[in-house]
Amino acid sequence: MNFDKAEDLCKKTLEIHRAHSEPASIEEAADRRLMALVCEAKGDYESALEHLVLASMAMIASEQDNEVAAIDVSIGNIYMSLCRFDEAVFSYQKALTVFKSSKGDNHPSVASVFVRLADLYHRTGKLRESKSYCENALRIYAKPVPGTTTEEIAGGLTEISAIFESVDEPEEALKLLLKAMKLLEDKPGQQSTIAGIEARMGVMFYMVGRYEEARNSFESAVTKLRTSGERKSAFFGVVLNQMGLACVQLFKIDEACELFEEARAILEQECGPCHQDTIGVYSNLAATYDAMGRVGDAIEILEFVLKLREEKLGIANPDFEDEKSRLAELLKEAGKARNKKAKSLENLIDPNSRRTKKESTKKWGFRI
């Protein structure tokens, strides 16, 4: 993920091509596609587009139609990132025409373009068109042609699930993620991918109030990430935070505290204290400490967060006033009765248990 270094190496490679290769060679086109990938990852979409167009021209000259179509899909992705949706549709449709004629209507390459179009129409508010493209892709994935890899199908199902999740159909999204996970579970080298799917399932279980299933999904993801060498990654820290939130909802306060503390240590190291993910963990940990009666520790964290906002992040963030009032309340309580018993977690999460879930606002605003 060292994109600056990758960009430097790609630049040197392209310089070698300029000096020693034939103009617009297939090899140079391949390296331009790699450079485009790096530029896209860095958010430099205009440069990525330039390299993809040059790569496409080289492939056209070499009559590599399928490669041109694959590049058209990448160009469509860049146009979508730039919100140039009409141009994105044109690029995707060009690729779709080539893939259908060269590979057949039921090839996974066709399905992958359907998924991109579904995502585009979802983003532009054309939900009926988006759903239609999702259904077309799912029909292909349901009856894959020979040669289709399980990784291709699982990847497509995962992308479609994200669209269903966005249109508030979490149950359908969960079904697709479960299918994707089952396709990959016996495949070597897929543990991190499965962990990512389980983490997403955990979030969706949490959103629909199925907290025990959420906790189990997160726990399975955490176990896989620990054994696959990703226990120090920022993603691992985020998953720990999410599992902690599920534990809070299940009133497993001690377990939640341990998870938030581990998440804090990782995110401070990987992202720094000013990152939003880290600040979210600080907030959750402060609330948990308060629930455990560790008011002093909760005060210490909130004072640190407020100092960060005042000195580095700015106080325009709407969370600033909330955190300020939380700290004032804790200081007031601490001044009145330092030996006060720990609050019940139920009261902390929902001060009025008779409210509906929609009406209630969690006292300390746990953040997922």
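Everything numeric here is computed off the predicted structure, so don't read it as measured data. (Residues numbered from 1 in each chain as written. Predicted model: local features only at pLDDT ≥ 70, side-chain atom pairs only at ≥ 80, totals over all residues. Heavy atoms only, no water.)

1. A closer look at the environment of Asp290
The criterion, for reference: Where helices and strands are cited, they refer to DSSP runs of H or I of at least four residues and of E of at least two residues respectively, numbered from the N terminus.
Mapped onto the elements, Asp290 comes out in helix α14 (residues 276-291). Asp290 sits 40 residues away from Leu330 along the chain, and the two C-alpha atoms are 8.3 Å apart.

2. Describing the side chain of Ser233
So the rule is basically this: It only takes one pair of heavy atoms within 4.5 Å for two residues to be counted as in contact.
Among the structural elements, Ser233 can be located in the loop between α11 (211-227) and α12 (234-249). Setting aside residues up to four positions removed in sequence, Ser233 forms contacts with Ile266 and Glu270.

3. Structural notes on the environment of Leu127
With respect to the secondary-structure elements, Leu127 resides in helix α7 (residues 127-142). Once residues within four sequence positions are removed from consideration, Leu127 is found in contact with Tyr121, His122 and Val167.

4. Regarding the state of the cysteines
The following threshold applies: What counts as a disulfide here is a pair of cysteine sulfur atoms lying within 2.5 Å.
Overall, the coordinates contain 0 disulfides when judged by the stated rule. Cysteine Cys10 remains unbridged, with the sulfur of Cys39 as its closest cysteine sulfur at 8.0 Å.

5. Considerations on the UniProt feature "repeat: TPR" (unreviewed entry) in the chain
Under the convention used in this document: UniProt positions are given in the numbering used here, feature names are shortened, and annotations may be inferred rather than shown by experiment.
According to UniProt, the positions carrying the feature "repeat: TPR" (unreviewed entry) are residues 69-102. Within residues 69-102, the helical portion is 91% and the strand portion 0%, while the C-alpha atoms at the span's ends are 10 Å from each other.

6. Some thoughts on the confidence of the model for the chain
Threshold: Summary of the metric used: pLDDT quantifies the predictor's per-residue confidence within the range 0 to 100.
Of all residues in the chain, 87% have pLDDT values of 70 or greater, and the mean over the chain is 86. Low pLDDT (under 50) marks residues 336-363, which in the prediction has 41 contacts with non-local residues, meaning those over four places away or in another chain.

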